[in-house]
Amino acid sequence: MSSPDRDEENERSQTNRSDNDNKSEEGTESEKPKETEESEDSNGMVVFTYDDSPIEDYTQTFSIHQEYEVPGNAAVNPGQMGSSDSYLTPDQLEEMVDAGWDVLSHTYKHRALGKIRLDQSLEPGDERVYVDRNRHGRFDEDPLVIFDEENRIATEVAGRGSNDTGEFIELTNSVSTYISDTGYTKYPEWKIQEVLEKTDTQLAEWGFDVSGFVYPYGRYDGVAEEIVRDHYDAVVNHRWGGGLNEIEGLDPTTMRRMYIEEDAASEEDIEVFLDKAVENDVLAIFGAHSQYETMTEERTRFTIESVLARDLEITTLSEAMTRIN
Ligand SMILES: [Zn+2]
């Protein structure tokens, strides 16, 4: 039902539904948390991840987490932080980290690392490539590879746009090779490496440890996946959907998360999810965007309270990784 080529914005509601589809036969009616036999401190761990380093992470989400004295995890874009009033500053992030938050990489400037499908074939002489989404056209002079089963072109971005035909990327030169409409655009591997290294270097210069990774736009397809898994110890949106990550045999570079914005999940969805987190030996991961109108203060509070009411522990990704290993 959900194609991995779709973007995050379109995909979120399907994401959560696919989790419920897989497990809908059990437990949907249970409203109260069940007591487990394990006499541990809690019924399990829950990790909250917030993407894009918007100022609302600080002004809204961090404040609410502080009220409940529970940490979150900020998946940040250091190349955008402090660039305008819309983003966190390093000082604000430091305050959050001092209060117990983790920092995750979300790439330097929110580049879509995975491959993106062509919408039309590319003919010799073309300087414009029509694509499913023009994410790879955001930055002029970015290197780009356009390829199909037979051919491969290394080129460069000169802009992007859209018209009645669809979304497109402008190239600096006309292409000399035919690429079929089964092809894709992608960043060359060295560019993906460069982006990740630049992200980590900037965060390290600011004094932050990086405990994991979140794909921008949920674009994991292709070689990006191998590079990312090589680079980070934990990936929280390796694939769409899910969010209940079984601890037995867990590979932390292939985890998933559930979106909790109001247009992505109902209160009942969240409660059903958390009931399963209580019943099973899992690491539950939530994802959200503080800057979205659908990520209301009410929703943040509801989710935190629902977790705490079940004696689940809200923790950081690094703490969860330490305890699982
Ligand atoms: Zn993002």
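Just so it is clear, the model here is predicted, and its values are computed rather than measured.

Conventions we followed
- Residues numbered from 1 in each chain as written.
- Predicted model: local features only at pLDDT ≥ 70, side-chain atom pairs only at ≥ 80, totals over all residues.
- Helix = DSSP H or I, 4+ residues; strand = E, 2+ residues; numbered from the N terminus.
- Buried ≥ 20, exposed ≤ 12 C-beta atoms within 10 Å, placed from the backbone.
- Contact = placed C-beta atoms within 7 Å.
- Pairing = 2+ DSSP bridges.
- Arc of directions from axis to C-beta.
- Axes fitted to C-alpha atoms, helices over the stretch in contact; angles between N-to-C directions.
- Left-handed = near helix turned anticlockwise from the far one by under 90°.

> Let's hear about the overall build of the protein chain: which residues, and what values?
Looking only at helices and strands, the protein chain features eight helices and 14 strands. Out of the 325 residues in the protein chain, the part that is buried amounts to 45%. Taking as baseline every contact in the protein chain between residues at least 6 positions apart, the subset at least 24 positions apart corresponds to 73%.

> Any details on the pairing of strand β8 (residues 166–171)? Residues and values, ideally.
Where strand β5 (residues 128–131) lies against β8, four bridges are found, and the strand directions are antiparallel. The residue bridging Y130 from the neighbouring strand is F168, located in β8. Both strand β7 (residues 152–163) and β8 contribute to a ladder of six bridges, which runs antiparallel. Residue V157 lies in a different strand from β8, and its bridge partner there is L171. Where β7 hands over to β8, the hairpin turn is made up of two residues, counted between the paired strands.

> Let's hear about unusual backbone geometry: which residues, and what values?
Its identity as a non-glycine residue notwithstanding, E69 has a phi of 55 degrees, on the positive side. Along the chain, E69 turns up in the loop between α2 (55–68) and β2 (73–76). The phi torsion at H110 lies on the positive side, around 65 degrees, for a residue other than glycine. Mapped onto the elements of the fold, H110 is located in the loop between β3 (102–105) and β4 (116–117).

> Can you tell me about helix α5 (residues 223–231), naming the residues and giving the values?
Of all the residues in α5, the buried ones are A224, E225 and V228. The buried residues of α5 occupy an angular sector of 100 degrees when the element is viewed end-on, so they sit on one face. Across α5 from its buried face, at more than 90 degrees, point the exposed residues E226 and D230. In the core, the buried residues of α5 are packed alongside α4 (189–205) and β10 (210–213).

> Give me the pairing of β7: which residues, what numbers.
Each regular strand carries side chains that alternate between the two faces of the sheet. Where strand β6 (residues 143–147) meets β7, five bridges bridge the pair, whose relative direction is antiparallel. Counted as the bridge partner of V145 is A154 from β7. Between β6 and the antiparallel strand that follows it, β7, lie four residues.

> Mind laying out the packing of α4 against α5, listing which residues take part and the relevant values?
In contact at an axis separation of 10 Å, α4 and α5 are set at 35 degrees when each is read in the N-to-C sense. Between α4 and α5 the crossing geometry is right-handed. Facing E189, I192, Q193 and L196 of α4, the residues of α5 in contact are V223, A224, I227 and H231.

Read these as layout, nothing more, since geometry by itself doesn't imply function.
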